[in-house]
Amino acid sequence: MSNATTRWWLVRHAPVPCPHGRIHGQLDVACDTSDDEDFRQLAARVPPQATLVESGLMRCRQTTGALEAAGLVVPPPLVEPDLMEQNFGRWQGRSWMELEAAKDADLDAFWAEPAFAVPPGGESFAALCDRVGAALARLSGPLAGRDVLAVVHAGTVRAALAAALSLPPDIALRFAVQPLSLTRLDLTPEGWRVECVNVTAT
């Protein structure tokens, strides 16, 4: 491990308008960037010229663009697909209510163990934890000593917290991660340190 501290500024993307509570997962959907004050406050919290990492999905690109419009200066992004949201397979684009009404055969098993069950054609939250933890470890080497702004997803942030705190996936699912919230994790020579979780605009 490097002797330098790598500071991860994890930002969840802006809210996705969805009155019916659809499961987005890895679908490429747009977000709402109209709250200028929230973006101004967030842009003031994040260090300028941080290394920018995005998952590659449109809602993260749009969030970064709104932060730039609010005054944050960032370089072109490093796109890291391993920081994408959990893949919910054939459930993506549907709502939990629709799945309940359709008596989806896989739904009971999912709710019995939501951290470990695999949505049909997708991946478990436990698998998400594995790939996000591996990505953070892999990226932190070449980015040692830097500030890293990662514009990502709620599941990604929970998985990063699981890696930092050595939490089992079912416990990590308990973290609240609001849209446009900031979570700060530092990788120090002694290991991970949590500076803040789910900080939102005042």
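Conventions and cut-offs
Each chain carries its own residue numbering, running from 1 in the written order of its sequence. Where totals are concerned, whole chains, interfaces and linings use all residues; where local detail is concerned, this predicted model gives features only for residues with pLDDT of at least 70, and gives and counts side-chain atom pairs only at 80 or more. Hydrogens are left out, water is left out, and the side-chain values use all remaining heavy atoms of the structure. Numbering goes from the N terminus for both helices and strands, where a helix is a DSSP run of H or I of at least four residues and a strand is a run of E of at least two. Just to be clear, the radius of gyration here is over C-alpha atoms, and the globule rule we use is 2.2 Å times residues to the power 0.38. Each residue is placed in one exposure class: buried if its accessible area under a 1.4 Å probe, protein chains only, is under 20% of its type's maximum, exposed if it is over 50%, and partly exposed if it falls in between. Here the open area of atoms and residues is found with the Shrake-Rupley method and a 1.4 Å probe, where only the protein chains shown may cover a residue. Buriedness for pockets is judged along seven lines, at least five of which must meet protein on both sides within 12 Å for an open set on the 1 Å grid over protein atoms alone, while cavities are sets there where a 1.4 Å probe fits but cannot get out, and lining residues have an atom within 4 Å of a point. Grid points are joined across faces, edges and corners, and a volume is the space filled by probe spheres set on the points. All residues other than Ala, Val, Leu, Ile, Met, Phe, Trp, Tyr, Cys, Pro, Asp, Glu, Lys and Arg, Gly among them, are scored as polar; the first ten of these are nonpolar and the last four charged. One requirement defines pairing of two strands: DSSP has to find at least two bridges between them. The criterion used for residue contact is that any of the two residues' heavy atoms lie within 4.5 Å. Note on definitions: angles span 0 to 180 degrees between N-to-C directions of axes, and those axes are lines fitted to C-alpha atoms, for helices only across the stretch in contact. What qualifies as a polar contact is a pair of N or O atoms within 3.5 Å, subject to a donor-acceptor requirement within protein and to the restriction that residues adjacent in sequence count only when both atoms come from side chains.

**Q** Can you walk me through the overall build of the protein in this structure?
**A** Counting secondary structure elements, the protein contains seven helices and six strands. Against the 2.2 N^0.38 benchmark of 17 Å for 202 residues, the protein shows a C-alpha radius of gyration of 17 Å, consistent with a compact globule. Seen through its principal axes, the protein has C-alpha atoms that stretch 50 × 40 × 30 Å. Considering the protein as a whole, with its 202 residues, one finds that 47% of them fall into the buried category. Accessible area of the protein: about 9,200 Å², with a carbon and sulfur share of 53%.

**Q** Please clarify how the layout of surface pockets should be interpreted in this entry.
**A** The rolling of a water-molecule-sized probe over the atoms marks out the regions of remaining empty space. Of the pockets and cavities examined, the largest pocket occupies roughly 610 Å³. Contributing to the lining of the largest pocket are 26 residues, with I23, E85, F88, W96 and R158 lying nearest its centre. The set of elements that each furnish at least two residues to the lining of the largest pocket consists of α4 (107–112), α5 (125–140) and α6 (154–165). No other element matches α6, which puts three residues into the lining of the largest pocket. Considered class by class, the residues forming the lining of the largest pocket number 15 nonpolar, six polar and five charged.

**Q** Would you mind showing me how to read the sheet that holds strand β5 (residues 182–188) here?
**A** Either a parallel or an antiparallel arrangement is found when strands of a sheet pair, and the pairing is made through backbone hydrogen bonds. Taken in spatial order, the six strands of this open sheet run β3-β2-β4-β1-β5-β6, and their pairing is mixed. Two strands lie at the open edges of the sheet, namely β3 (78–79) and β6 (191–199), each paired on one side alone. Inspection of the sheet shows β5 paired to β6 by six bridges, in the antiparallel sense. Note on β6: the bridge partner recorded for L185 is V194. Packing against the sheet, α5 makes contact with β1 (6–12), β3, β5 and β6, and its axis sits at approximately 135° to β1.

**Q** Got a minute to help me understand the environment of R12 in this structure?
**A** One can find R12 in strand β1. Along the backbone, R12 and G191 are 179 residues apart, and their C-alpha atoms lie at a distance of 23 Å. With sequence-adjacent residues up to four places away left out, R12 is seen in contact with V152, H153, A154, V177, Q178, P179, L180 and S181. Within the structure, the side chain of R12 is placed 2.6 Å from the backbone oxygen of V177, a separation counted as a polar contact.

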